Amino acid sequence: MTSGIQIIGGGPAGASAALAALREGAGARVFEKSRFPRHKVCGEFLSPGILRVLDDFGMMKAFDTLGPAQIRRASLCFGRREKSFRLPEAACGLSRAAFDHLLLRTAEEHGAVVTHATATSFDKPTVLARGRHFASTARDRGQRLFGFKAHFRVAVSDAVELYFFDGCYVGLNAVENDLTNVCGIAPEHLLRKFNFEQDEFLRSYEPLRARLRGAERVMSWLSTGPLRFENGFRAEPEEGVYTAGDALSFVDPFTGSGLLAALRTGTIAGQFAAQERPVHEYLKSVRTVLERPFAIAGIFRWAVTSGWAGRLAPLLPGAAMFRWTRP
Ligand SMILES: Cc1cc2nc3c(=O)[nH]c(=O)nc-3n(C[C@H](O)[C@H](O)[C@H](O)COP(=O)(O)OP(=O)(O)OC[C@H]3O[C@@H](n4cnc5c(N)ncnc54)[C@H](O)[C@@H]3O)c2cc1C
């Protein structure tokens, strides 16, 4: 067993890697470039499986005090066609400002040393949990996907609502303090039509205009991108480097499963790094966790962009699809 591991990135993957390494009796040093709490572009939908991970780390009480919203249903809207179903288990809505802060603070309380700085090099063993990492090319321009989010005060619902239109989608779900997070992904050429004014863009789609009528936005829009859905769990292993979370695999966010994947791969990475187990064994283990959700999300994205998802909406096995897209 190693005396300590280094972790690059203190998001959900990095914090869970630290907690797992500490549980193995190893030290953990986390480099995080941002100061927490900070907002982050995300649907802030927490899959039910996250509660099991938090429980395993003894964090449920602290989590509950943050007042997460309960999400019991899903509603998918494809123009005039809709598909609603009850989630197989209740999920939660909580801002990333609160969630990420809780995770990193807990790791620190358990003995992780957190340095707020950008890591430019690393000692091994390292857990690489620095989030999405992708350089776009001029060739992609126009087609590139961008994400955006803001919190609103609007009628609160116990459903996660997803609106699919024109190659984009916008999701709404409740978070703490009776607020609703509105988060979407759209291609650049479409956003440009609205001068990258997200309010204008949302108002251009009638079902969203109706849903957000009278809503008050309580923070500035945040955006991120370009986004690319890709995975590195088949990459050549580099000994001593355990890549986790979005740095390993970025799945289409409509699944709302990225955070669970980050916590699960972070936990496995922290454990394997602390035990200095071979990286190819680590990658084999995380492939088992991620392969199916990644494949199913790809099929669903194709169905949405080709228009088939709307046509088949009434036949979609909602609850089963929800299960298949969980890591
Ligand atoms: C539009 C959108 C909507 C989404 N909606 C959802 C959702 O509703 N539910 C869900 O489960 N998932 C969702 N996701 C996915 C989710 O946000 C990610 O899967 C999750 O953030 C991954 O966690 P992570 O720890 O791997 O990376 P991150 O959360 O990105 O954390 C990485 C951390 O590393 C730090 N960092 C980076 N480089 C360095 C460096 N060199 N040195 C020091 N620190 C560094 C960053 O500051 C950051 O805090 C969404 C994603 C997008 C883009």
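Our subject is the structure listed above.
Computed from a predicted structure; not experimentally measured. (Residues numbered from 1 in each chain as written. Predicted model: local features only at pLDDT ≥ 70, side-chain atom pairs only at ≥ 80, totals over all residues. Heavy atoms only, no water.)

Chemist: Could you give an account of the overall build of the chain, naming the residues involved and the relevant values?
Modeler: Counting its secondary structure elements, the chain contains 11 helices and 16 strands. Relative to its length of 327 residues, the chain is compact, with a C-alpha radius of gyration of 19 Å against a globular reference of 20 Å. Dimensions of the chain along its principal axes, counting C-alpha atoms only, are 60 × 45 × 35 Å. Scored against the burial criterion, the 327 residues of the chain give a buried share of 55%. The long-range fraction of contacts in the chain, counting pairs at least 24 apart against all pairs at least 6 apart in sequence, stands at 76%. A total of about 14900 Å² of accessible surface is found on the chain, and carbon and sulfur atoms cover 49% of it. Between the averaged position of the 42 positive side-chain charges in the chain and that of its 33 negative side-chain charges there is a distance of 5 Å. (Helix = DSSP H or I, 4+ residues; strand = E, 2+ residues; numbered from the N terminus. Rg over C-alpha atoms; globule rule 2.2 N^0.38 Å. Buried < 20%, exposed > 50% of the residue type's maximum accessible area, 1.4 Å probe, protein only. Contact = heavy atoms within 4.5 Å. Areas by Shrake-Rupley, 256 points an atom, 1.4 Å probe, with all protein chains shown as cover. Lys, Arg positive; Asp, Glu negative; His and termini not counted. Charge placed at Lys NZ, Arg CZ, Asp CG, Glu CD.)

Chemist: Got a sec to walk through the packing of aromatic side chains? Specific residues and values, please.
Modeler: Following the criterion strictly, the structure yields 14 aromatic pairs and no others. Geometrically, the ring pair formed by F148 and W221 is edge-to-face, given 5.8 Å between the ring centres and 75 degrees between the ring planes. A residue pair is termed long-range when its members are at least 10 positions apart, and F148 in strand β8 (residues 145-153) and W221 in the loop between β12 (216-217) and β13 (222-227) qualify at 73 residues. Taking relative accessible area as the criterion, F148 reaches 1% and is therefore assigned buried. Among the residues examined, W221 registers a relative accessible area of 15% and is labelled buried. An aromatic cluster is built from F148, F152, F165, F194, F201, Y205 and W221, whose rings are joined through pairwise contacts. The ring of F250 has R132 lying over it, and the distance from NZ or CZ to the ring centre is 5.3 Å. Here the guanidinium or amino end of R277 rests over the ring plane of F272, the centre of that ring lying 4.0 Å away. (Phe/Tyr/Trp six-rings, centres within 6.5 Å; stacked < 30°, edge-to-face > 60°. Lys NZ or Arg CZ within 6 Å of the ring centre and 35° of its normal.)

Chemist: Can you tell me about the site of the ligand, naming the residues and giving the values?
Modeler: Not every one of the 36 residues close to the ligand is listed here, only the nearest: E32, G43, A119, D246 and L259. Between the ligand and A13, the relevant distance is 2.9 Å, taken from an oxygen atom to a main-chain nitrogen or oxygen of the residue. Considered on its own, the ligand offers 1000 Å² of accessible surface; in the complex 93% of this is hidden by protein. Where the shell around the ligand is concerned, the elements lending two or more residues are α1 (12-23), β11 (180-187) and α8 (258-274). With three residues, α8 is the single largest residue contributor to the shell around the ligand. In terms of residue class, the shell around the ligand is made up of 18 nonpolar, 10 polar and eight charged. (Near = heavy atom within 4 Å. Polar contact = N/O pair within 3.5 Å; in protein donor to acceptor, adjacent residues only side chain to side chain. Nonpolar A, V, L, I, M, F, W, Y, C, P; charged D, E, K, R; others polar.)

Chemist: Give me the sheet that holds strand β7 (residues 126-128): which residues, what numbers.
Modeler: With parallel pairing, five strands are arranged side by side in an open sheet as β6-β2-β1-β7-β15. One side of each edge strand has no neighbouring strand; the edge strands of this open sheet are β6 (113-115) and β15 (241-243). Strand-to-strand twist across the sheet, computed as the mean angle between neighbouring axes with direction ignored, equals 20 degrees. (Pairing = 2+ DSSP bridges. Axes fitted to C-alpha atoms, helices over the stretch in contact; angles between N-to-C directions.)

Chemist: If you had to explain a nonpolar patch on the surface to someone new, which residues and values would you point to?
Modeler: Taken together, the side chains of W302, W308, L312 and L315 present a nonpolar region at the surface, about 460 Å² in accessible area. Relative to the assigned elements, W308 resides in helix α10 (residues 308-312). When its relative accessible area of 38% is taken as the criterion, W308 is described as partly exposed. (Patch = residues over 30% accessible without salt bridge, like charges linked within 9 Å, V, L, I, M, F, W, Y side chains within 5 Å. Salt bridge = Lys/Arg side-chain N within 4 Å of Asp/Glu carboxyl O.)

Chemist: An account of the state of the cysteines is needed here, citing residue identities and associated values.
Modeler: Applying the stated criterion across every chain, the model contains zero disulfides. The structure places no disulfide on C42, whose sulfur is separated from the nearest cysteine sulfur, that of C183, by 6.4 Å. For C42, a relative accessible area of 15% translates into the label buried. The thiol of C92 is unpaired, and the distance to the nearest cysteine sulfur, on C42, comes to 13 Å. (Disulfide = S-S within 2.5 Å.)

Chemist: Got a sec to walk through the environment of L54? Specific residues and values, please.
Modeler: Position of L54 among the secondary structure elements: in helix α2 (residues 48-56). Separated by 35 residues in sequence, L54 and L19 have C-alpha atoms that sit 11 Å apart. Once residues lying within four places of it in the same chain are set aside, the contact partners of L54 are M59, M60, F63, F99 and L103.

Chemist: Please provide a residue-by-residue account of the pattern of salt bridges, values included.
Modeler: Considering all chains together, one arrives at 15 salt bridges under this definition. Its salt-bridge partner being E188, residue R192 comes within 3.3 Å of it at the nearest N-O pair. Taken together, the residues span about one helical turn, with R192 and E188 both in helix α5 (residues 188-193) at a distance of four residues. Among the residues examined, R192 registers a relative accessible area of 46% and is labelled partly exposed. Overlapping salt bridges bring together R38, R96 and D100 as one network.

Chemist: Would you mind going over α1 in detail, with residue names and values included?
Modeler: For α1, with 12 residues, the first-to-last C-alpha span of 16 Å sits near the 16 Å given by 1.5 Å per residue. The element α1 is largely enclosed, with a buried count of 11 among its 12 residues. For α1, the set of buried residues is P12, A13, G14, A15, S16, A17, A18, L19, A20, A21 and L22. Next to the buried residues of α1 lie β1 (4-8), β2 (27-31), α4 (96-109), β7 and α8. Positive backbone phi, approximately 90 degrees, marks G25, located one or two places after α1. (Expected span 1.5 Å × (residues − 1).)

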